[in-house]
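The lines below spell out each chain.
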2 protein chains.
Amino acid sequence: MAMNHFLQSPRVRARTSASDSGVLSSLSAIVGEEHLLVDPERVEPYGQDAVKEKFPPEAVVFPRTTAEISAILRLANEARFPVTARGGGVGYTGGAVPVEGGVVLGTDRMNQIKRISPDDLYVVAEPGVTTYALQQAVENEGLFYPPDPSSYKASFIGGNIAENAGGIRSVKYGVTRNYVLGLQVVLPRGEIIRTGGRTSKNVVGFDLTGLVCGSEGMLGIITEATLRLLPLPEATGTVRAAFKTMREACACIPGFTGERVTPVALEVLDRNSINAVESMFAFGLSPEATALMLVSVDGTVEETERTLSIVERVLRYGGAFDLVRARTKVEEDRLWDVRRALSPAIKRYGTLKLNEDVVVPRSRVPDLIERVEEIGRRFNTFVVNFGHAGDGNIHVNYMCDREDPEAVSRAREAVKETFAVAIELGGTISGEHGIGYVKAPYLDMALDPASIDTMKRIKQTLDPNNILNPGKMFT
Amino acid sequence: MAMNHFLQSPRVRARTSASDSGVLSSLSAIVGEEHLLVDPERVEPYGQDAVKEKFPPEAVVFPRTTAEISAILRLANEARFPVTARGGGVGYTGGAVPVEGGVVLGTDRMNQIKRISPDDLYVVAEPGVTTYALQQAVENEGLFYPPDPSSYKASFIGGNIAENAGGIRSVKYGVTRNYVLGLQVVLPRGEIIRTGGRTSKNVVGFDLTGLVCGSEGMLGIITEATLRLLPLPEATGTVRAAFKTMREACACIPGFTGERVTPVALEVLDRNSINAVESMFAFGLSPEATALMLVSVDGTVEETERTLSIVERVLRYGGAFDLVRARTKVEEDRLWDVRRALSPAIKRYGTLKLNEDVVVPRSRVPDLIERVEEIGRRFNTFVVNFGHAGDGNIHVNYMCDREDPEAVSRAREAVKETFAVAIELGGTISGEHGIGYVKAPYLDMALDPASIDTMKRIKQTLDPNNILNPGKMFT
């Protein structure tokens, strides 16, 4: 397969009509000379995301307005060069990476929060606002924007929508799509449309808002989003518990439903995760723990206390030990530190991390993790599993040495088998990260040919010249 | 405009290739003779919905399987006749009505609930299950399917999904789309696809699940749905309150947000609604009440009690009087009787009800209702406003005499002005009912030409022969 899964040495910069001096002059005229980068050294950082494979663009533009983006896409259709929109550039599947060269369109300058309406519970923001900045701004008004991908401090709202980002709180609150009321979008041929609106009910025509959400920048460039807000919960609380087996830990999950509790977040860490964080940071986790669970709830102060007691009861009944309840925000943060410590802690197990985000029905999480551990042993690849057990979305991290092609190849086979297992267990190959170019070779494992054909037809009819983010999703 | 808004005398049955004897034999071979209707008297009931305009189909088929539906659509593409899927047939915009003749495909026999998973919180159902039957089945397992269109006893899940139905509980719980995890769909040309899956996180490819939801039977026929469930709340409670003005009533709504309360339901009735139900049923509502509000909440028993007290405090502070709190299910039902009595009560004001479902940002509801009352006076048409104030989705009912063409014409102008007002106030022309053929002439008031063009392109690429539910959405 042409695209692969792993770090390559920097690729030769693709050459398209975007490098023509006429095109560059036009781009400069549209965005202003100071907002166009062409110097190879300056464009290089815009050629990669968290996958860290490099596909340098020919030029990078930073438009300020929707009209400028429309003009860029019209030019791209005339001169036939690829345009790839880029938000924070922290995705895990290469969605923002110009694999076929052309122009990267950075939304960094479109970073205004235009309006917060406490009365009508929405916020209007440009795509370049970080998720964190948006959350802070609405929380200052007593409001709440729940989606919280772990990249929230760096990721842009535009990217979150384009990838339909998930997050830790999605067990209770759902994913980004559930908060997008309306969009302004520049279509691939440059037309500007408004989808949806400011209301949570809207059934006028086909759901273009939903179609653009999660379309990975292939069907349009988001230039404004109207997002639904909730009242900010009064209190949150977290319990951490250790278990002797992952199966025991996960068996508690239906117990919460039985008690009519829907946790905000419900995370697990497997044995290798625990060993990794413990050996690096010495949190004092029990050496007997082979699974760790973090459960967060929210509500009023009284309700939160009451729900935490129910959670603790269910956990104890299910075999939990070393229960710790956070009683303040600081204590809560400290419990979550274990989860946050994972990324740095597992680095020592390999210079290349294949970070997958398979999802299965939540009751199958223990099966998934057992199967993944078996795959890791069979391919002699260290694997760390952690993530969102409450919605079945587990981050499977195969660790290997970037410079060892044989190890990389084994890890790559392990990933492919993991995808097959996730599908066999009733799940799929991506819960949060999307397809991009990284998972494109595996799309046909998850979707039937008629579904893929339908998606290609939609892409073709909206983007007949294949201008917008080519080389993604489909091989 | 060709399609119009109001009852006509029964139309002449359209004649397409569906009436050819060869086609009828093939249909009979596919579904079995006993599941094919052609007798004009027997097909007639399948030519209308709640709009009560008649467009008799040439034949009605009741397939049992996805494969049969696929065969029917392949035949329709060969012979070029229209196919219109029909669920409960209780829509308000003619979505299930064969305006261009052809075959009506009734999903009545596909009425099995295939699986309820309490562990993984989903239900798998065929499209012909009524919303009510589905709710009962999952509630028996302690689970909860929140969407509750008022037609829930008659409407089918397939129709709910095709129309992305809303309901009373959508203030807190959202609309049908928010509960659809995955679908099996027969595409217009007969291919069978599976979209989504059994997990709430799934970002593999474009969101075809979302595209089919609310597509009004124009992009595919739903043959199976996997729907997300929640734990059933322990308790619910309702408060009813009277106000001297609608503005006062609606001014309370942000007060709930301020107290961090998201009601399950938040309904209002205007002056004419109150007079109508009171004069027919004598509920004993205060003669001083010109607006009535019903607020429901849910949660644990303690939480519900506590939240109801907050709701009452906010309402009293906002000028409410005659507060009644339901303390039991029976009392709660009695409070909601006022809302349920509306439909029968307003019948005396006209033999034709133009039931619209405009939506505005919720803070604009009082403006909307004042403007609608002014429109009603100006066009000398009795108008009743009630509905979902909590999400800005108001049912505006213009009443007139079916047999009085001049009165019908005035009511029709009033509707058009109402749509313009809803859009001017930041809303749109349909929150729940969809477009169908009834609102098709007004689509361009709500959407920009490039959006409509995009929708038409999607329709064209998936249904090149325009087989599936032609004559809807676009004029």
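Residues numbered from 1 in each chain as written. Chains lettered and ligands numbered in written order. Predicted model: local features only at pLDDT ≥ 70, side-chain atom pairs only at ≥ 80, totals over all residues. Heavy atoms only, no water.

1. A short note on the packing of aromatic side chains
This model, assessed by the stated rule, comprises 18 aromatic pairs over all chains. Aromatic side chains F55 of chain B and Y437 of chain B sit 5.1 Å apart centroid to centroid with 75° between the ring planes, which places their arrangement in the edge-to-face category. Of the two residues, F55 of chain B sits in the loop between α2 (40–43) and β2 (59–61) while Y437 of chain B sits in the loop between α15 (405–424) and α16 (443–446), which places them 382 residues apart along the sequence. Look at Y349 of chain B and F382 of chain B: their rings are 4.0 Å apart centre to centre, the planes differ by 10°, and that puts the pair in the stacked class. One end of the pair, Y349 of chain B, is in the loop between α13 (342–346) and β16 (352–356); the other, F382 of chain B, is in strand β17 (residues 382–388), with 33 residues separating them in the sequence. With relative accessibility at 27%, the residue F382 of chain B sits in the partly exposed group. Seen from the ring of Y132 of chain A, K153 of chain A lies directly overhead, with NZ or CZ sitting 5.0 Å from the centre. The positively charged end of K244 of chain A is found above the aromatic ring belonging to F321 of chain A, 6.0 Å away from the centroid. (Phe/Tyr/Trp six-rings, centres within 6.5 Å; stacked < 30°, edge-to-face > 60°. Helix = DSSP H or I, 4+ residues; strand = E, 2+ residues; numbered from the N terminus. Buried < 20%, exposed > 50% of the residue type's maximum accessible area, 1.4 Å probe, protein only. Lys NZ or Arg CZ within 6 Å of the ring centre and 35° of its normal.)

2. With respect to the nonpolar core
Across soluble globular proteins, nonpolar side chains have a tendency to be buried as a group. If you look at the biggest cluster of nonpolar residues, it comprises 189 residues, and the most contacted ones within it are L315 and Y398 of chain A together with L315 and Y398 of chain B. The residues touching L315 of chain A, leaving out its near neighbours within four places in the chain, are V239, A241, F243, C252, F256, M293, V295, A320 and L323 of chain A. (Core = buried A, V, L, I, M, F, W, Y, C linked by side-chain atoms within 4.5 Å. Contact = heavy atoms within 4.5 Å.)

3. Remarks on the domain arrangement of chain A
It is common to give the size of an interface as the accessible area that goes away when the parts come together. All names here are of chain A. Domain annotation for chain A reports domain 1 (4–109), domain 2 (113–231), domain 3 (235–341) and domain 4 (350–434). Placing the centre of domain 2 and that of domain 3 at their C-alpha centroids yields a distance of 30 Å. Opposite the six residues of domain 2 that make contact, domain 3 presents nine residues. Together domain 2 and domain 3 conceal approximately 610 Å² of surface at their shared face, both sides included; 63% is due to carbon and sulfur atoms. For domain 2, the biggest contributors to the area lost against domain 3 are I168, V171 and K172; these three give 79% of the whole. Where domain 2 touches domain 3, the interface holds one salt bridge. Here domain 2 and domain 3 share three residue pairs in polar contact (both at pLDDT 80 or more) between them. Here the residues of the side of domain 2 that touches domain 3 sort into three nonpolar, one polar and two charged. (Domains from an automatic or database assignment. Buried area = accessible area lost by both parts, 1.4 Å probe. Salt bridge = Lys/Arg side-chain N within 4 Å of Asp/Glu carboxyl O. Polar contact = N/O pair within 3.5 Å; in protein donor to acceptor, adjacent residues only side chain to side chain. Nonpolar A, V, L, I, M, F, W, Y, C, P; charged D, E, K, R; others polar.)

4. Looking at the interface of chain B and chain A
Each partner contributes to the interface: chain B provides 82 residues, whereas chain A provides 82 residues. In total, about 6,400 Å² of surface goes out of reach between chain B and chain A, with carbon and sulfur atoms giving 61% of it. Three residues stand out in chain B for area buried against chain A, namely K201, V203 and F206 of chain B, and they jointly supply 15% of the buried area on that side. Linking chain B with chain A are eight salt bridges, by the criterion used here. Here chain B is connected to chain A by 28 residue pairs in polar contact (both at pLDDT 80 or more). Secondary-structure elements contributing two or more residues to the side of chain B that touches chain A are β9 (192–196), α7 (208–212), α9 (253–258), α11 (301–317), α16 and α17 (449–462) of chain B. Broken down by element, the side of chain B that touches chain A gets its largest block of residues, ten residues, from α17 of chain B. In the side of chain B that touches chain A, the residues fall into 33 nonpolar, 27 polar and 22 charged.

5. Concerning the pairing of strand β4 (residues 103–106) of chain A
Residue and element names in this part refer to chain A. In β4, alternate side chains face the same way, and those of V103 and L105 on one face and V104 and G106 on the other are all buried. Bridging between strand β2 (residues 59–61) and β4 involves three bridges; their strand directions are parallel. Residue V60 lies in a different strand from β4, and its bridge partner there is V104. Here strand β3 (residues 83–86) runs beside β4; their pairing, made up of four bridges, is parallel. In the strand pairing of β4, R86 is matched with G106. (Pairing = 2+ DSSP bridges.)

6. Describing unusual backbone geometry
Residue and element names in this part refer to chain A. Positive phi is not limited to glycine here, since N380 has a value of about 50°. With respect to the helices and strands, N380 occurs in the loop between α14 (365–378) and β17 (382–388). A relative accessible area of 60% places N380 in the exposed class.

7. Here's the deal with the packing of helix α17 (residues 449–462) of chain A against α17 of chain B
Orientation of α17 of chain A relative to α17 of chain B, taken along the N-to-C sense of each, is 135°, at an axis distance of 9 Å. The angle between α17 of chain A and α17 of chain B falls in the class oblique. Taken as a pair, α17 of chain A and α17 of chain B cross one another with a handedness that is right-handed. On the side of α17 of chain A, the interface is formed by T454, R457, T461 and L462 of chain A, while α17 of chain B contributes T454, R457, T461 and L462 of chain B. (Axes fitted to C-alpha atoms, helices over the stretch in contact; angles between N-to-C directions. Parallel < 35°, antiparallel > 145°, perpendicular 65-115°, else oblique. Left-handed = near helix turned anticlockwise from the far one by under 90°.)

8. Section: the environment of A59 of chain B
Residues and elements named next belong to chain B. With respect to the secondary-structure elements, A59 resides in strand β2. For the pair A59 and L27, spaced 32 residues apart in sequence, the C-alpha to C-alpha distance is 9.3 Å. Contacts of A59, omitting those with residues within four sequence positions, involve L24, L36, L37, V38, V43, G102, V103 and V104.

9. Quick word on the relation of the copies chain B and chain A
Overlay of chain B on chain A (RMSD 0.0 Å): rotation 180°, translation along the axis 0.0 Å. Here the symmetry operator amounts to a two-fold rotation axis. In this assembly, 100% of the residues forming the interface of chain B have copies in chain A that are likewise at the interface, indicating an isologous arrangement. (Least-squares fit on C-alpha atoms with pLDDT ≥ 70 in both.)

10. Remarks on the side chain of R325 of chain B
Residue and element names in this part refer to chain B. Structurally, R325 is set in strand β15 (residues 321–325). Residue classification places R325 among the buried residues on the basis of a relative accessible area of 14%. A polar atom in the side chain of R325 sits 2.9 Å from the side chain of E305. Of note is the side chain of R325, whose polar atom sits 3.0 Å from the side chain of S309. Those residues within four positions of R325 in sequence are excluded, and the remaining contacts are T238, V239, E305, L308, S309, E312 and E331.

11. A closer look at the sheet that holds strand β14 (residues 291–299) of chain A
Two orientations exist for strands paired in a sheet by backbone hydrogen bonds: parallel and antiparallel. All names here are of chain A. Spatially, the seven strands line up as an open sheet ordered β15-β12-β14-β13-β17-β18-β16, and their pairing is antiparallel. Each of the sheet's edge strands pairs with one partner strand only, and the pair in question is β15 (321–325) and β16 (352–356). Across the sheet, the axes of successive neighbouring strands diverge by a mean angle of 15°, strand direction being ignored. Of the pairings in the sheet, the one linking β16 to strand β18 (residues 393–400) comprises five bridges and is antiparallel in character. Looking at the pairing, N355 lines up with N397 of β18. In the packing of helix α10 (residues 271–281) onto the sheet, contacts are made with β13 (265–270), β14 and β17, and the angle to β13 comes to roughly 80°.

12. As for the environment of V396 of chain A
Residue and element names in this part refer to chain A. Here V396 lies in strand β18. On the accessibility criterion, V396 (0% relative accessible area) is buried. The spacing of V396 and V408 is twelve residues in sequence and 15 Å in space, taken between C-alpha atoms. The residues touching V396, leaving out its near neighbours within four places in the chain, are L354, N355, E356, V358, V372, V383, V384, N385 and T418.

13. A closer look at the sheet that holds strand β4 (residues 103–106) of chain B
Residues and elements named next belong to chain B. Taken in spatial order, the four strands of this open sheet run β1-β2-β4-β3, and their pairing is mixed. In this open sheet, the two edge strands, each paired with only one partner strand, are β1 (36–37) and β3 (83–86). The sheet contact formed by β1 and β2 spans two bridges and is antiparallel. Within β2, the residue paired with L37 across the bridge is V60. Packed on one face of the sheet, helix α3 (residues 66–79) meets β2, β3 and β4 and runs near 155° to β3.

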